[in-house]
Amino acid sequence: GGHILSTGAGIARWIVLPDMQVRPANCGWGVDTKTLTAVEKYMAAHRWDGYINLGDLADLNELSTYNLDAPGRITERVDETFAACNEILDRHQAIIRKRNPRAKFVLLEGNHDYRATAYTERHPELGKALNVPINLRLKERGFEWVPCWSEGKLFRLGNAYFTHGLITSKYHASVMAARYGVPIYYGHVHSVQEYPLILHGNDKHIVGKSLGCLCKPQPYMKGAPTDWVQAFATFFVYPDGFFTEYTTKIFKHRFVGPDGVKYAP
């Protein structure tokens, strides 16, 4: 992936949004639009050098393994999903470009996004109709696409690295820190968990951290306890690659941002 820092001598400000799992309208669950509205108000209040979406932007439940051999209305539903995703990306690019037309945009490939690739292996005739970068017009948008799930690629921002996430065990943050050996930030698990891996010497610090989600809890959990939490992250990156990271947890669709201001839908 890229290695992008501020074009000036100052500190670069990046926003990082985790799993939205967008579904077509009236699907019950998916992205939490009220929470997203509050996050967008925070986005609109500041100038950003970059935007990272950690993947699983689209849910693509219609392409899950349960539906692998039933291509019937698949493309119709996927079209609706892509349309809903495009609407969000349009909005986010407009918000950020209003203050910084040169801002960078990055979209990571999650396992839900990868469902489209897996499906086309079974139904190659649907290849173009299900291609995520094409249907989200990423090239046209100027988005960098990072194939985390299919190729294991990472996105680098100074000393911080980003991936969609791989591990779902209880102590996933410690496994991620040990496996990658760099400060690694990810989504996938929908929780916020942090594990520091301390190395000998000054200013040597490795961390694994999951950054929550922006989707609603799934109805099949039926009120069972879950570690899912809505959140997003703000990264301030120095020209030498060191950074300060704030993870903002969101409850009842509202939060106080790193700027000390309250945001709500």
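Residues numbered from 1 in each chain as written. Predicted model: local features only at pLDDT ≥ 70, side-chain atom pairs only at ≥ 80, totals over all residues. Heavy atoms only, no water.

Engineer: Got a minute to help me understand the packing of aromatic side chains in this structure?
Structural biologist: In this description, a pair of aromatic rings is defined by centroid distance and the angle of the planes. Using the criterion set out here, one finds 16 aromatic pairs in the structure. Taking the centre distance of 5.4 Å and the plane angle of 40° together, the rings of phenylalanine 105 and phenylalanine 143 count as tilted. Residue phenylalanine 105 is found in strand S3 (residues 104-108), and its partner phenylalanine 143 is found in strand S4 (residues 143-146); the two are separated by 38 residues along the sequence. Across the pair, exposure class does not vary: phenylalanine 105 and phenylalanine 143 are buried alike. Taken together, a centroid distance of 5.1 Å and an interplanar angle of 65° make the contact between phenylalanine 232 and phenylalanine 255 edge-to-face. Remark: phenylalanine 255 occurs in strand S12 (residues 255-256) and phenylalanine 232 occurs in strand S10 (residues 230-237); sequence separation between them is 23 residues. Members of the aromatic cluster, each reached through a chain of ring pairs, are Tyr42, Trp48, Phe232, Phe255 and Tyr263. One Lys or Arg, arginine 13, reaches over the ring of tryptophan 48 and ends 5.6 Å from the middle of that ring. (Phe/Tyr/Trp six-rings, centres within 6.5 Å; stacked < 30°, edge-to-face > 60°. Helix = DSSP H or I, 4+ residues; strand = E, 2+ residues; numbered from the N terminus. Buried < 20%, exposed > 50% of the residue type's maximum accessible area, 1.4 Å probe, protein only. Lys NZ or Arg CZ within 6 Å of the ring centre and 35° of its normal.)

Engineer: What's the story with the side chain of threonine 81 in this structure? I'm lost.
Structural biologist: Of note, threonine 81 is situated in helix H2 (residues 74-99). For threonine 81, a relative accessible area of 0% corresponds to the buried category. Setting aside anything within four residues of it in sequence, one finds threonine 81 in contact with Val22, Arg23, Pro24, Ala58, Leu60 and Glu62. (Contact = heavy atoms within 4.5 Å.)

Engineer: Please clarify how the sheet that holds S4 should be interpreted in this entry.
Structural biologist: The pairing of strands in a sheet happens through backbone hydrogen bonds and is either parallel or antiparallel. The 6 strands are arranged S4-S3-S2-S1-S10-S11 in an open sheet whose pairing can be described as mixed. Edge positions in the open sheet fall to S4 and strand S11 (243-250), since each of these has one partner strand only. In this sheet, neighbouring strand axes are inclined to one another by 20° on average, regardless of whether the strands run parallel or antiparallel. Of the strand pairs in this sheet, strand S2 (residues 50-53) and S3 are connected by 4 bridges, and their pairing is parallel. Note on S3: the bridge partner recorded for glycine 50 is lysine 104. On top of the sheet, helix H1 (residues 33-44) reaches strand S1 (12-17), S2, S10 and S11; it is set at about 175° to S1, its chief contact. (Pairing = 2+ DSSP bridges. Axes fitted to C-alpha atoms, helices over the stretch in contact; angles between N-to-C directions.)

Engineer: Explanation requested: helix H8 (residues 172-180) in the structure shown.
Structural biologist: Each α-helix winds once per 3.6 residues, and so residues spaced three or four apart point in a common direction. Every buried residue of H8 is listed here: His172, Ala173, Ser174, Met176 and Ala177. Here the buried face of H8 lies against strand S7 (184-186), strand S8 (192-198) and strand S9 (205-211). Just downstream of H8, glycine 181 is the residue with a positive phi angle, here 70°.

Engineer: Sorry, what's going on with the environment of arginine 23 here?
Structural biologist: The topology assignment puts arginine 23 in the loop between S1 and H1. The sequence separation of arginine 23 and arginine 77 amounts to 54 residues, and the corresponding C-alpha distance is 8.9 Å. Filtering out sequence-adjacent residues up to four positions away, arginine 23 remains in contact with Trp29, Asp59, Asn61, Thr81 and Ala84.

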